[in-house]
Structure formats: structure tokens, C-alpha cells
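Chain by chain, the residues:
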Amino acid sequence: MTQTDERREGQEGQEGLLAPVPDDDGAPFFTYAARGELRVQACADCREPRFPPRPCCPHCQSFASEWIRTSGRGRIWSYVVPHPPLLPAYAARAPYNVILVELADAPRVRLVGNLVAAADAALDSVDPARIRINAPVKAVFHEVAGGITVPRWVLERP
Amino acid sequence: MGATLKDATAIAGIGQTPFAKRLPESEKTLACRAILAALDDAGIAPSEVDAFASYTMEETDEVEVAKAIGAGDVTFFSKVGYGGGGSCATVAHLAAAIATGQASVGVAWRSRKRGSGPRPWTDTRVQLPTPAQWTRPYGLLRPADEIGMLARRYMHEYGATRDHFFNVALACRNRANQNPAAMMYERPLTREMYMTARWISEPLCLFDNCLETDGALACVVVSAQRARDCRRRPVYVHSAAQGLPAQHHGMVNYWNDDPLTGPAWTAARQLWKSADFGPQDVDVAQIYDAFTPLIPLSLEGYGFCARGEGAAFTEGGALEIGGRLPLNTGGGGLSEAYVHGFNLITEGVRQLRGTGTAQVPGAATCLVTAGEGVPTSALLLRN
């Protein structure tokens, strides 16, 4: 199977999944994700990372911000396995997993995402029984509806 | 220090409609019925009402309600945000208004057709902006998913088990089985039913989730002096607090140092600071139970036990009548009705009147809490 075929297969069956609707503060996250970079907002003055993105720094009140690149590595902090009733596209893939990843480079930043077998694999491509809190994961990138790219997660030791 | 809220006001009347999966009447009609029942309970004429308080999610508004029930000139009205987090704050706002002379007879109410109406999380239009851009595309769609994430971590950190959550569900169900008004009045719950129930969002099963209810409730708040002339025994608002902690993120409180300490901790500090008694003196508690894990978290937050001990606190029948802390004595949101926690306020009043269907003998103090996991509020009531 070619990469293109894999990609197409990954996106089929994922119709109807919600795409992020970025706000002004959050938009750069998705711009960087489209380049395959996992970046988080940080204060350009005191350097403290913050999430979710917001207009000013809660530590020093500076309005100057930057987007710092992370290693894309983290650990599973918690997870759930949703079952119906769900929105139809999600119900079709249930039970699937939603994990919360604590970033190695910014521990207070815990990103909600999906643990998948590969970047473009289906939402339910990992058996929930394999998920463990503290398991190391790394970010991969996947284009969803509307041309927006989001990080997803694969196990460091599959 | 100037005026104090302590015992300055009292709840003089309570009212409610039936609770059911589907009621034929509109939310507005149900609201009017509950409010008029509460005024009748207090023995106060609707024309004397000059203050209103409700939730921002309430869809019946003051103008409609005031003109329907025949209220007088209204000089105070307020609405509190964050869904069930606002329940106790509606009473707190009225108490503050009355204690400071802005009004004299206040009505708080909640009317909701959540049983037969749509589930709020199915409306993706209104919920996709911040912070939903970070959560919903990944299938973290419902409050049960958001709280389930915290529950799993709580289990991991402190050794809480599904049996602890079952203890909560069972205590509420047992009280509902004593309460003819409860939706689960004739529906006992067993451990086997709980352990084999369908999942909603692992680690939470069906019985970890509150009911879906049509119904309305109301209460009447007046000055302590006025309450003593009313029809029922006054139930004083001893202390009241709201809580929005620093760097809190609502039900997706994932982005601070300690996601497992929520708004309960903030509300509790303020609540106890202005009270004459402490957690050890609470005879009965009505703790917001949209999901069972909120109970151990709230027990910790309001100081009934130390950090991480909330699950163990539920053991040995502690939450049952005769236990350490009888809880949600009408059945709560899990088994009486889920009307954004307003039935916890009215049940607190019943307990302190001595008229509960599962009465705690001699109950003199009651803690009532609003939704934990969102900006919240709480009341200490006494008789």
C-alpha cells in the first residue's frame, strides 16, 4: 500500500469528526503542527510556557509571546475510553481512546489527543487494553477536515 | 469588617414540580409552578417578591417569570454562570442583596427539561471555541469524558477503585428508594448491576452518571427576622461562597500544577472562614453529584478528610444514614433528579426542618455544594 493510499484509508471513516476551530490565540499551534512541529506558547519576557494560549502572561503580565518548539515527547497522564451515546462519527469508532499527554519539556502542558497506531490510522487503531498511565509517547501529525493538522500520539515502545 | 452574611437571611420556602424523564408542560410553566409552590410554602404573597436569581443556563427569564407570577417591582436580579456550579450562588446572591437592603423577598429557581430536551454537548456550534479546540476534535465530547479523565488519574494516584464510586451511587440510590418524589424511588441498585452496567466513558459506567430530568425547583430567601414570622421553621444561610481557583480551566482542568484540586478547595476556604463551625460539625451533606467521582474530590476539598482520602472515606457505610456523613438524603442528582443541583438545596432545607424522607435525626447543620469541576459555590445552612 502506498503512502497516499494509507492516508486516504485513514481519512475515510473519519468523516464527521470535528475539526478544531482555532481562536486568535490558538491559531499558531495549528500553523506549526502543519509543519510537523509541536510548539507551545511561552512568555517572551519571563519565558514561562502557558496553555491554553492567551493574550498575556499570567506570571508577569507581558503581552509579548513566542512559540517554543518542544521535543514532541511526553507521557500519558490519564485517559478515557468513550462509549455511546456520542456524536455519530465518534460513535462509529467507539470505543476509542482519548489520552492526556504531559509534555516532557513543559509538564504543566497536558495535551488532549488520541493514541493511534500511526499518524493517519483510525481513532480506534490501538486496543484500549494496551494503554497505561505514564507510558512514553511521541507526537505525530495528521491532517483533519478543513486542512487543519493536529498532533496525535504513538507509543515510544509499541 | 462591615456587614456579615452570617445568619442574616434564611430560606423560608421551597417548592418543586414532579421529576420525570418527560413532563408535558413548558419550562416556563414548570418554573411558575415551582416558584408559586415555594411562596405558598413560605406563606408570602407573590406581589411581595422583589428579587430573583437563577443560572445563566436558565432559559426562563426574570421578565417572563415576574409578570406570570404577579411579582411586585423587582429591585435585584442576577444570574450565575457555569451550569451546576451556580446553584448555591443563586441563594448566596439573594442573601447578599437582602442583607444589604437591596431587596426583601428573593426567589431563586431552576427549570429544565433536560430529560426530554437535547443533550447540551450535541450542539457543537456553541461549544467549539476555546477551550474546545483543544479537546473536542479528539472525541473528548461530554462532561462524562472530561471528568472521567480526572477520575482515572485520581484512581491511579490514590488507589481509588470502582467500588468507591459504587459506594457513592449506592448511598444516593438508597436515599432515593425512601423518597417518593425521586425518579429512582422504586429502582434499587445492587453491586452486580453497577459492575456489569454499560460504560459511558471508561472508567465511568452508567451508574456513575446523573439522571436526565424534566423538572423545576425554587426557594424563597428573606431576612432572618422575616423568616421567623413565616409558616415554616427558618433555615438560616450561615455561610456562602463562590469559588474560581487561580489558573482553573473548568471541567478540563488539565493545565495547572494540580488538576485534582478544583473549585471546591477555593469555595471551602471562604465558606469555613466565615462560619462558626467546621466540617466535623456538619450533620448532613448535599454534595453535587453529576458524577460519582465528584464526591470523593469534594469530600477532600471541603475538608471532611485529607488529600487522597476521599475514596476511602466512602467505605463502611459512611455516606448512609447513621454513617459518618449522611449524603444526598433525597437521592441527589444520581437518583432523585438532575436539575443542576437545585434539589440539593431544597433537600438541605427539608433536613433542617426535620421533614426529610430519609431524615437524619436532629440534623442542625447542612453543607450544600454546587457543581465541582466548574467554577462553583456552596452554602452552610443551619436551623
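Residues numbered from 1 in each chain as written. Chains lettered and ligands numbered in written order. Predicted model: local features only at pLDDT ≥ 70, side-chain atom pairs only at ≥ 80, totals over all residues.

Caption draft 1: Quick look at the overall build of chain A. When helices and strands are tallied, chain A shows three helices and seven strands. Of the regular secondary structure in chain A, the N- to C-terminal order runs α-α-β-β-β-α-β-β-β-β. The C-alpha atoms of chain A give a radius of gyration of 16 Å, which matches the 15 Å a tight globule of 158 residues would have. Reported as C-alpha extents along the three principal axes, the dimensions of chain A are approximately 45 × 35 × 30 Å. Within chain A, buried positions represent 34% of all 158 residues. (Helix = DSSP H or I, 4+ residues; strand = E, 2+ residues; numbered from the N terminus. Rg over C-alpha atoms; globule rule 2.2 N^0.38 Å. Buried ≥ 20, exposed ≤ 12 C-beta atoms within 10 Å, placed from the backbone.)

Caption draft 2: Representation of the nonpolar core in the model. All names here are of chain B. Counting 160 residues, the largest nonpolar core has I11, V91, C219 and V220 as the members making the most contacts within it. The leading source of residues in this core is helix 3 (residues 87-99), at nine residues. Ignoring any residue separated from it by four or fewer positions in sequence, one finds V220 in contact with I11, A12, G13, A38, L39, A42, I44, V105 and V107. (Core = buried A, V, L, I, M, F, W, Y, C linked by C-beta atoms within 7 Å. Contact = placed C-beta atoms within 7 Å.)

Caption draft 3: Structural view of the environment of L5 of chain B. Residues and elements named next belong to chain B. With respect to the element layout, L5 can be found in the segment before strand 1 (9-16). C-beta crowding within 10 Å serves as the criterion here: with 18 such atoms nearby, L5 is assigned to the partly exposed category. Each residue touching L5, except ones within four places of it in the same chain, is listed here: A95, A96, A99, V237 and A240.

Caption draft 4: Representation of the pairing of strand 1 of chain B within the structure. Residues and elements named next belong to chain B. With eight of its eight residues buried, strand 1 lies for the most part within the structure. Pairing between strand 1 and strand 7 (residues 214-223): seven bridges, direction antiparallel. For I11, the partnering residue across the bridge sits in strand 7 and is V221. Sheet topology note: the strand 1/strand 8 (residues 235-243) ladder contains two bridges and is antiparallel. Within the sheet, the bridge partner assigned to A10 lies in strand 8 and is Y236. (Pairing = 2+ DSSP bridges.)

Caption draft 5: Spatial organisation of the sheet that holds strand 9 (residues 284-286) of chain B. Residues and elements named next belong to chain B. Pairing in this open sheet of nine strands is mixed, and the strands run 3-2-4-7-1-8-11-10-9 from one edge to the other. In this open sheet, the two strands that pair with only one neighbour each are strand 3 (76-80) and strand 9. Strand-to-strand, the axes of this sheet are offset by a mean angle of 25 degrees, without reference to chain direction. Examined bridge by bridge, strand 2 (residues 51-55) and strand 4 (residues 106-113) share three bridges and lie parallel to one another. Each bridged residue has a counterpart across the sheet, and for F52 the counterpart in strand 4 is V107. (Axes fitted to C-alpha atoms, helices over the stretch in contact; angles between N-to-C directions.)

Caption draft 6: Summary view of the interface of chain A and chain B. If you look at the interface, chain A gives 34 residues, while chain B gives 31 residues. Of all the elements in the fold, those that place two or more residues in the side of chain A that touches chain B are strand 3 (73-82), strand 4 (98-103) and strand 5 (110-113) of chain A. Here the element with the most residues in the side of chain A that touches chain B is strand 3 of chain A; it accounts for six residues. A breakdown of the residues in the side of chain A that touches chain B according to their chemical character gives 26 nonpolar, five polar and three charged. Note that strand 3 of chain A and strand 5 (residues 199-202) of chain B share two bridges and pair antiparallel. Paired with V81 of chain A across the strands is E202 of chain B, a residue of strand 5 of chain B. (Nonpolar A, V, L, I, M, F, W, Y, C, P; charged D, E, K, R; others polar.)

Caption draft 7: Local environment of helix 2 (residues 62-69) of chain B. Residue and element names in this part refer to chain B. If you check which residues of helix 2 are buried, you get E62, V65 and A66. Across the axial projection of helix 2, the buried residues extend over an arc of 95 degrees, all falling on one side. Among the exposed residues of helix 2, those oriented more than 90 degrees off its buried face are V63 and K67. On its buried side, helix 2 packs onto helix 1 (27-42), strand 2 and strand 3. Positive phi shows up at G70, right after helix 2, with a value of about 80 degrees. (Arc of directions from axis to C-beta.)

Caption draft 8: Focus on the UniProt feature "domain: Thiolase C-terminal" (unreviewed entry) in chain B. Taking the UniProt record as the reference, the feature "domain: Thiolase C-terminal" (unreviewed entry) is found at residues 257-375 of chain B. Across residues 257-375 of chain B one finds 33% helix and 7% strand; the C-alpha atoms that close the span lie 17 Å apart. (UniProt positions renumbered as here; feature names shortened; annotations may be inferred.)

Caption draft 9: The arrangement of the packing of helix 3 of chain B against helix 13 (residues 342-353) of chain B in detail. Residue and element names in this part refer to chain B. Where helix 3 meets helix 13, the axes come as close as 7 Å, and the angle between the chain directions of the two elements is 60 degrees. Comparing the axis directions of helix 3 and helix 13 gives the class oblique. Between helix 3 and helix 13, the residues in contact are S87, C88 and V91 and F342, L344 and I345, respectively. Per-class residue counts for the contact of helix 3 with helix 13 are five nonpolar, one polar and no charged. (Parallel < 35°, antiparallel > 145°, perpendicular 65-115°, else oblique.)

Caption draft 10: Region of the structure containing the confidence of the model for chain B. Of the residues in chain B, 98% reach a pLDDT of 70 or more, and the chain-wide mean stands at 96. The complex model carries a pTM of 0.95, and its ipTM stands at 0.95. (pLDDT = per-residue confidence, 0-100.)

Caption draft 11: Region of interest: the packing of helix 9 (residues 263-273) of chain B against helix 10 (residues 294-301) of chain B. Residue and element names in this part refer to chain B. One can describe the packing of helix 9 onto helix 10 by two numbers: an axis separation of 8 Å at closest approach and a directional angle of 35 degrees. Here helix 9 and helix 10 pass one another in a crossing that is right-handed. Counted together, A264, W265 and A268 of helix 9 and L297, S298 and G301 of helix 10 form the full contact between these two elements. Among the residues forming the contact of helix 9 with helix 10, the class breakdown is four nonpolar, two polar and no charged. (Left-handed = near helix turned anticlockwise from the far one by under 90°.)

Caption draft 12: Structural view of helix 3 of chain B. All names here are of chain B. Between its first and last C-alpha, helix 3 extends 19 Å over 13 residues, near the 18 Å set by a 1.5 Å rise per residue. The buried fraction of helix 3 amounts to 12 of the 13 residues, a majority that puts the element mostly inside the structure. Of the positions making up helix 3, those classed as buried are S87, C88, A89, T90, V91, A92, H93, L94, A95, A96, A97 and I98. Just downstream of helix 3 lies G101, where phi reads positive at about 80 degrees. (Expected span 1.5 Å × (residues − 1).)

Caption draft 13: Seen up close, unusual backbone geometry. Residue and element names in this part refer to chain A. Between P84 and P85 the backbone carries a cis peptide bond, its omega angle lying at 10 degrees. Along the polypeptide, P85 turns up in the loop between strand 3 and helix 3 (88-91). Note that the residue after A94, namely P95, is joined by a cis bond; omega there is -5 degrees. Positionally, P95 belongs in the loop between helix 3 and strand 4.

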